[in-house]
Amino acid sequence: MDGVSSDAFPSPSDAKHVPKHAPSKGRTRTKAKKGWFRRYWWIFPLVPVVLIIGVAVALYVSYQRITLPEALPPIRSTFLYDRNGDVIASLHGSVDRTIVGLGQISPNLQHAVIATEDAGFYHHPGIDVKGIVSAAWTDLVKHETVVGASTITQQLVKNVYAGQYVEQADGTTEYVVPPRTIKSKIREALLAIKLEHSYTKDQILAKYLNTVYFGHGAYGAEAAAQTYFGKPASELTVLESATLSAVLHAPSLYDPIDSPYDNKFRRDYSLDQMAKYGYITQADADRLKAKPCCGTIPDGQAQIKAPHGSAYFVDYTRQYLMDKYGGAKVYGGGLRVTTSLDMNKQAAALDAVNANLPDTNYNPDAALVSIDTHTGQILAMVGGRNFNKSKLNLATFQGGTGRQAGSSFKAFTLAAAMQENFSLNAYWNGPATITIPDPQCNGPDGPWTPENAGDGEAGTFTLAAATAHSVNTVFAQLVTQLDNGPKDVVDMAHTLGIRSHLDALCSITLGSVAVNPLEMTNAYATLADRGERFRATPLVQVASQSGRVIDDVSQKGKQVIDQNDADLVTYALRGVVTGGTGYTAALADRPVAGKTGTAQDNADAWFCGYTPQIATCVWVGYPEGAKPLLNVMGVPAVYGGTIPAAIWHDYMTEATRGMPVQDFHTPTFVGYDRGPTVTVASPTPSPSSTPSPSSTPSPSPSPSPSPSPSPSPSPSPSPSGTPSPTVAPVVQSGTPQRARAHPHRHR
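In this numbering scheme, every chain counts its residues from 1 along its sequence in written order. Given that this is a predicted model, residues contribute local features only at a pLDDT of at least 70 and side-chain atom pairs are listed and counted only at 80 or more, while totals for whole chains, interfaces and linings are drawn from all residues. By convention in this description, side-chain values take in all heavy atoms of the structure and omit both hydrogens and water.

Trainee: Explain unusual backbone geometry here, please?
Mentor: Most peptide bonds take the trans form, and the phi angle of most residues other than glycine is negative. The backbone of Asn421 sits at a positive phi, close to 70°, despite the residue not being glycine. Tracing the backbone through its elements, the reader meets Asn421 in the loop between α15 (410-419) and β9 (427-430). Residue burial is assigned from relative accessible area. The probe radius is 1.4 Å, only protein chains are included, and a residue is buried under 20% of its type maximum, exposed over 50%, and partly exposed in between. Exposure remark for Asn421: the relative accessible area of 34% places this residue in the partly exposed category. Phi at Ser470 takes a positive value of approximately 55°, unusual for a residue other than glycine. Each helix is a run of DSSP H or I of at least 4 residues and each strand a run of E of at least 2, with the numbering of both proceeding from the N terminus.

Trainee: Help me understand the state of the cysteines in this model?
Mentor: By definition, a disulfide is the covalent link that joins the sulfur atoms of two cysteine residues. Cysteine sulfur pairs qualify as disulfides if the two atoms are within 2.5 Å. This structure, assessed with the given rule, holds two disulfides. Bridging Cys608 to Cys617, the disulfide has an S-S length of 2.0 Å. Judged by the sign of its S-S torsion, about 120°, the bond between Cys608 and Cys617 is right-handed. For the pair formed by Cys608 and Cys617, the shared burial category is buried.

Trainee: How do you make sense of a nonpolar patch on the surface when you look at a structure like this?
Mentor: By definition, no residue in a patch forms a salt bridge, and every one has over 30% relative accessible area; like charges are joined within 9 Å, nonpolar side chains (Val, Leu, Ile, Met, Phe, Trp, Tyr) within 5 Å. Here, Shrake-Rupley sampling with a 1.4 Å probe gives the accessible areas, and only protein chains in the shown set may cover a residue. Just to be clear on terms, a salt bridge is a Lys or Arg side-chain nitrogen sitting within 4 Å of an Asp or Glu carboxyl oxygen. On the surface, Leu46, Val49 and Ile53 cluster together into a nonpolar patch covering about 240 Å² of accessible area. By secondary structure assignment, the location of Ile53 is in helix α2 (residues 43-65).

Trainee: Looking at this model, I keep getting lost on the pairing of strand β5 (residues 336-339). Mind explaining?
Mentor: Along any regular strand, the residues point their side chains to alternate faces of the sheet. Side chains Arg336 and Thr338 project from β5 onto one buried face, and the interleaved Val337 and Thr339 project onto a second face that is buried too. Pairs of strands are assigned from DSSP output, requiring at least two bridges between the strands. Pairing geometry for strand β1 (residues 78-81) and β5, over three bridges, is parallel. Pairing of Tyr81 across the sheet is with Thr338, part of β5. Here β5 pairs with strand β13 (residues 539-543) via four bridges, running antiparallel. Among the inter-strand pairings, Val337 is bridged to a residue of β13, identified as Val542.

Trainee: Sorry, what's going on with the sheet that holds strand β18 (residues 614-621) here?
Mentor: The pairing of strands in a sheet comes from backbone hydrogen bonds and takes either a parallel or an antiparallel form. Within the open sheet, the five strands sit side by side as β7-β6-β18-β17-β16. Their pairing is antiparallel. Edge strands, defined here as strands with exactly one partner in the open sheet, are β7 (378-382) and β16 (593-598). Taken pair by pair, the neighbouring strands of this sheet meet at an average axis angle of 5°, ignoring direction. When strand β6 (residues 365-372) meets β7, the two strands line up antiparallel, connected through four bridges. If you follow Ser370 over to β7, its bridge partner there is Ala380. Running over the sheet, helix α14 (residues 343-356) touches β6, β7 and β18 and is turned about 30° from β7. In the packing of helix α19 (residues 517-528) onto the sheet, contacts are made with β6, β7, β16, β17 (604-610) and β18, and the angle to β6 comes to roughly 35°. Every axis in this analysis is a line fitted to C-alpha atoms, fitted for helices over the stretch in contact. Angles between the N-to-C directions lie between 0 and 180 degrees. Note on contacts: a residue pair qualifies if any of its non-hydrogen atoms lie within 4.5 Å across the two residues.

Trainee: Would you explain the sheet that holds β5 in this entry?
Mentor: Taking strand neighbours across the sheet as the criterion, the five strands line up as β2-β1-β5-β13-β14 in an open arrangement whose pairing is mixed. Of all strands in the sheet, those with a lone pairing partner are β2 (87-91) and β14 (549-551), marking the two edges. Geometrically, the sheet is characterised by an average inter-axis angle of 30° between neighbouring strands, direction not taken into account. In the sheet, β13 pairs with β14 via two bridges, with the strands oriented antiparallel. Looking at the pairing, Ala543 lines up with Val549 of β14.

Trainee: Which parts of the structure should I look at to understand the packing of helix α3 (residues 107-117) against helix α10 (residues 260-276)?
Mentor: At a minimum axis distance of 8 Å, the contact between α3 and α10 shows a crossing angle of 95°. Here α3 is positioned roughly perpendicular relative to α10, judged by the angle of their axes. Each of Asn108, His111, Ala112, Ala115, Thr116 and Glu117 in α3 lies in contact with α10, whose residues at this interface are Arg266, Tyr269, Ser270, Gln273 and Met274. Charged means Asp, Glu, Lys or Arg here, nonpolar means Ala, Val, Leu, Ile, Met, Phe, Trp, Tyr, Cys or Pro, and polar covers whatever is left, Gly included. Among the residues making up the contact of α3 with α10, the classes are represented as four nonpolar, five polar and two charged. Oblique is the label for any angle not covered by the other classes, which are roughly parallel (under 35 degrees), roughly antiparallel (over 145) and roughly perpendicular (65 to 115).

Trainee: For this particular structure, what's the right way to read the pattern of salt bridges?
Mentor: Where charged atoms of side chains with opposite charge meet at close range, the side chains can pair. One pass over the structure, following the stated rule, counts 21 salt bridges. One salt bridge connects Lys345 with Asp342, and the closest N-O pair in it is separated by 3.3 Å. With respect to class, Lys345 is no different from Asp342; both count as buried. The residue Arg530 makes a salt bridge to Asp567 at a minimum N-O spacing of 2.7 Å. Of this pair, Arg530 sits in the loop between α19 and β12 (532-533) while Asp567 sits in helix α20 (residues 563-579), and the two are 37 residues apart along the sequence. Residue classification places Asp567 among the buried residues on the basis of a relative accessible area of 4%. Connected via shared salt-bridge partners are Asp258, Asp315 and Arg318.

Trainee: In this structure, what is going on with the packing of helix α5 (residues 152-161) against helix α6 (residues 182-198)? I would like to understand it.
Mentor: The axes of two packed helices give the description: the angle between them and the distance between them. Put simply, α5 and α6 touch, their axes get as near as 9 Å, and they point 105° apart. One element, α5, and the other, α6, form an angle in the roughly perpendicular class. Here Thr153, Gln154, Leu156, Val157, Lys158 and Tyr161 of α5 come into contact with α6, specifically with Arg187, Glu188, Leu191, Ala192, Leu195 and Glu196. Looking at the contact of α5 with α6, its residues break down into six nonpolar, two polar and four charged.

Trainee: Looking at this structure, how should I read α3?
Mentor: Quick reminder: α-helices carry 3.6 residues per turn. Residues three or four places apart thus point the same way. The buried fraction of α3 amounts to eight of the eleven residues, a majority that puts the element mostly inside the structure. For α3, the complete set of buried residues consists of Leu109, Gln110, Ala112, Val113, Ile114, Ala115, Thr116 and Glu117. Residues of α3 that are buried make contact with α5, α7 (201-211), α8 (221-229), α9 (238-247) and α10. By the criterion applied in these results, polar contacts are pairs of N or O atoms within 3.5 Å in which, for protein atoms, one can donate a hydrogen and the other can accept it, and in which residues neighboring in sequence qualify only through two side-chain atoms. Between a side-chain oxygen at the N-terminus of α3 and the backbone nitrogen of Asn108 the separation is 3.0 Å; the capping residue is Ser106.

Trainee: Just to check I follow, could you spell out α20 for this structure?
Mentor: How far a helix is expected to stretch is found by multiplying one less than its residue total by 1.5 Å. Helix length check: α20, at 17 residues, gives a terminal C-alpha distance of 24 Å against a target of 24 Å (1.5 Å per residue), a fit within 8%. Most of α20 sits out of view: 16 of its 17 residues are buried. At the N-terminal boundary of α20, the capping side chain belongs to Asp562, with an oxygen 2.9 Å from the backbone nitrogen of Asn564.

Trainee: Where do I start with the environment of Asn516 in this structure?
Mentor: Note that Asn516 resides in the loop between β11 (514-515) and α19. The exposure class of Asn516 is buried, given its relative accessible area of 13%. Spatially, the C-alpha atom of Asn516 lies 9.9 Å from that of Val369, the residues being 147 residues apart in sequence. Leaving out residues up to four positions away in the same chain, Asn516 has contacts with Ala395, Thr396, Phe397, Ser500 and Trp606. Polar contacts involving the side chain of Asn516 include one to the main-chain amide nitrogen of Leu518, which spans 3.1 Å.

Trainee: Hey, could you run me through the nonpolar core in this one?
Mentor: By nonpolar core we mean a set of buried residues, namely Ala, Val, Leu, Ile, Met, Phe, Trp, Tyr and Cys, connected to one another through side-chain atoms within 4.5 Å. The biggest cluster of nonpolar side chains holds 95 residues, and the ones touching the most others in it are Phe409, Phe412, Leu424 and Met520. If we ignore the near neighbours within four places in the chain, the residues touching Phe409 are Val489, Ala493, Leu502, Ile508, Thr509, Gly511, Val513, Val515 and Met520. Residues Leu109, Ile127, Val157 and Ala189 belong to the second largest nonpolar core, which totals 36 residues.

Trainee: Hey, could you run me through the pairing of β7 in this one?
Mentor: Most of β7 is tucked away, with five of its five residues classed as buried. Connecting β6 to the antiparallel partner β7 that follows it, the hairpin turn spans five residues, and Gly376 within it adopts a positive phi of roughly 80°.

Trainee: Looking at this structure, how should I read the packing of aromatic side chains?
Mentor: In this description, a pair of aromatic rings is defined by centroid distance and the angle of the planes. Planes of paired rings set the category: under 30 degrees apart is stacked, over 60 is edge-to-face and the rest tilted, where pairs are Phe, Tyr or Trp rings (Trp by its six-membered ring) whose centres lie within 6.5 Å. Applying the stated criterion across every chain, the model contains 13 aromatic pairs. Plain terms: the ring middles of Tyr213 and Tyr219 are 4.7 Å apart, the flat faces sit at 40° to each other, and that makes the pair tilted. Neither Tyr213 nor Tyr219 differs from the other in exposure class; each is buried. It is Lys627 that lies over the ring of Tyr622; its NZ or CZ is 4.5 Å from the centre. Either the NZ atom of lysine or the CZ atom of arginine qualifies as a charge over a ring when it sits within 6 Å of the ring centre and within 35 degrees of the ring normal.

Here's what the structure looks like:
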C-alpha cells in the first residue's frame, strides 16, 4: 500500500500467531477422562446376546441328551375284593391297549380332535410358544401351578414320554407324570421338538389317538369307540367323533355315560370348531347339535360282573373311587380295593327280596342297604333286579331325587324332640284328623289338615305310643312345638346322616321329603350307635398292585347328638316292633328298634330298623314313578309294616345269625318333662299295661294276635309305648306263613 510501511503488517512467517482464546503461557491444559459407561457401553447389548447364546447352547445340549422312551405306559386293572378278601369284580377299560393305524381311525375323529385340541397341528413345529411363555409367567411371577394349552405333540409327550417309569416293590413299573412346572414345560417342549424330527405328523397323530384317555376306562380311539358305541374306530360318525373329542378336555367331567349333559355342552363346542376350520359346514354343525347326547354301552357288554346282585354295589364303589382318585387311576392304576361288602349278607339280602317280592312283569321293585353301625361300612346293597337291564341304583337313586320316606322320617322329629327335653310319657291328643293353626304350616288352600292312616288310630297317646302306632296327628302337633319348628327336623336329619336337600316344611315330620335308602340307613345307624355318626362308606382298604396301602380310608366317628337322646329314640322305636306297626320285623332272638313308613297314596313303603350292631333299610316301590302299591303278593295295600318289614325280617335273621346278642342301653327319663302346650289328661291304664317308664319292652312279639282296640277316643296304650298290636294273618306266595300287621296301621 502507498504511504504505509510494510513493516506495519508482519507476515505469519515473521511472527507467531496467538489464538484469541489460547491459554496464557505458563499454564498447561489437562485432558478430561471418559466415564465408565462411555467406555464400556458395548457390554450392555452384549449381555443378553451372551445369555441367549448360553440358553441356546444349554437347550441344544439338553436336546441332544434327551431320548424318547419306547414303551407305552402300562394299563392295569383295578380289583375289588369283599371284606373277606375274595375278588368280586375288576374295573378296566379294554383288556389290552389296541393299537391301530391312522388309516383305521375315522377321519371324522381325526378332524374333531385336531379342531378341538390343536387347530394348527399340521403347521407348528410341535410346541406352543405362547403357552410356554404363559407357563413361565405363571410359574415365575404368580408362583402358581403351571397351566395352559398344549399342542397335540406336547400332550403326547406328557402322557407317554416326559414322565418316568418307577419300579415298584413287586417288580412292576409305574408311569409317573411329571409335576406341572416351568422346568417340566421346557423339557416337554424339547421332547416335542425331538418327536417332530423323529416322526411325521401323521405318525404323531396316530400315536396320540392310540394312547390318550377317553374316559370310562377307554385308552385309545379303538377302545373308546368300542366302549361308547360298540363299533370300530374306523366307523365313527361326525357326531360320535365330536362326542369323543369332547371328553379329552377333562375325562372325569365330560364322560358321555356318566355326565351326558356336560358332554353335550363340550360336544357342541367341538362341532362348532369343526365348522370353523372347514371340516364340516356350519349348517351341518347346527343340525347335529340338535341331536341328543351321547353314547351307550351295548347290552351284554357292561364292564361290571359281580355275584349275588352286587353289581349295584360295585358300580357305587366305582363311582366313589372315581370321585376320590380319578378315572385314569381307577381304570388303569392297578388298585387293590378291599370293600366293605359281606358276600354272605349280600346273598341273604338278595334272597330276602326275591322271596318276598319275586321278579315279575307286574311286581314293584325293592332296595336294601345294610350298614355296620360302629364303622359306617356298607355290608350289603340291593339296588335293583338286574344291572344289565337297568343301571339305576334304587339304593342311592343316583342322578334322581329319591322317594318320600313317609313315617320312617318321624324318627328324626322324635330325635329333635328328645334334644329339646320332650317327654316320651306325656299324653297327646291324637284325633283321626286335625287342623294345625300354625301359620308356618299353611298351604295354598289354607291351614294344614293332616289325618291318620286308619280310622282306628284316634284317641289319647303318650309320645312313645304315638310313635309305635305312627299317629300322624300327634307328630303334626309336635313339629310345630319344637323350638324352631320344622327347621329343627331338617337340622336333625342332616346331623344324623341325611345328605339330600330338605325343605323346612311342617309336612316333613310325616316324611313328605325325598330321600334314598342309603342315607336313611346311615341316619338310623347313627341312632343305633347312640348318636355317634360314621359316614357310609364302601371301602376298607385301598392299596397299590404291590399291596402297599396308598390311602387311609378309615374314619373316626363323631358324636352328633347326646347318647341318652339317642337311647330314648331307640326306646320308642322298640315299641314300634314289639307292639306297633312294625310287628312283622321282630326277631326271635334279639331286640330290634325300627320304624315303618308309607308315602302318600301308598306310592312308597319303607321299613328302617336296627340292632345294636347292624342298621338296615328296605324300600319298596315302582322305579318308574309314584305308583300306588296295591294288590301286591296278596297284600291289598302295601304299607311299611307288610312287605318291607317282611324283607327286613328275613334278611336280618340271616345277617345276625351267629352274632352275639346285645341289648340296647336303658335311657334315663330324668329331665325330659316337656309335653304338649295344651295339657291332655292321662287315661286310666288297665291293670295289664302299667310298666314303669324305665321298663324295657319285650323284644319278642306275642305268639298270637290280640283283639283290636276299640276305636273310642280314649284308648289306653302303655307308657312304655308297647301296646299289643292288631294283627291279621296274610299268606304270601313263596314265603312262609307268618302274622302280618294290619295294613291300616302302618303309615
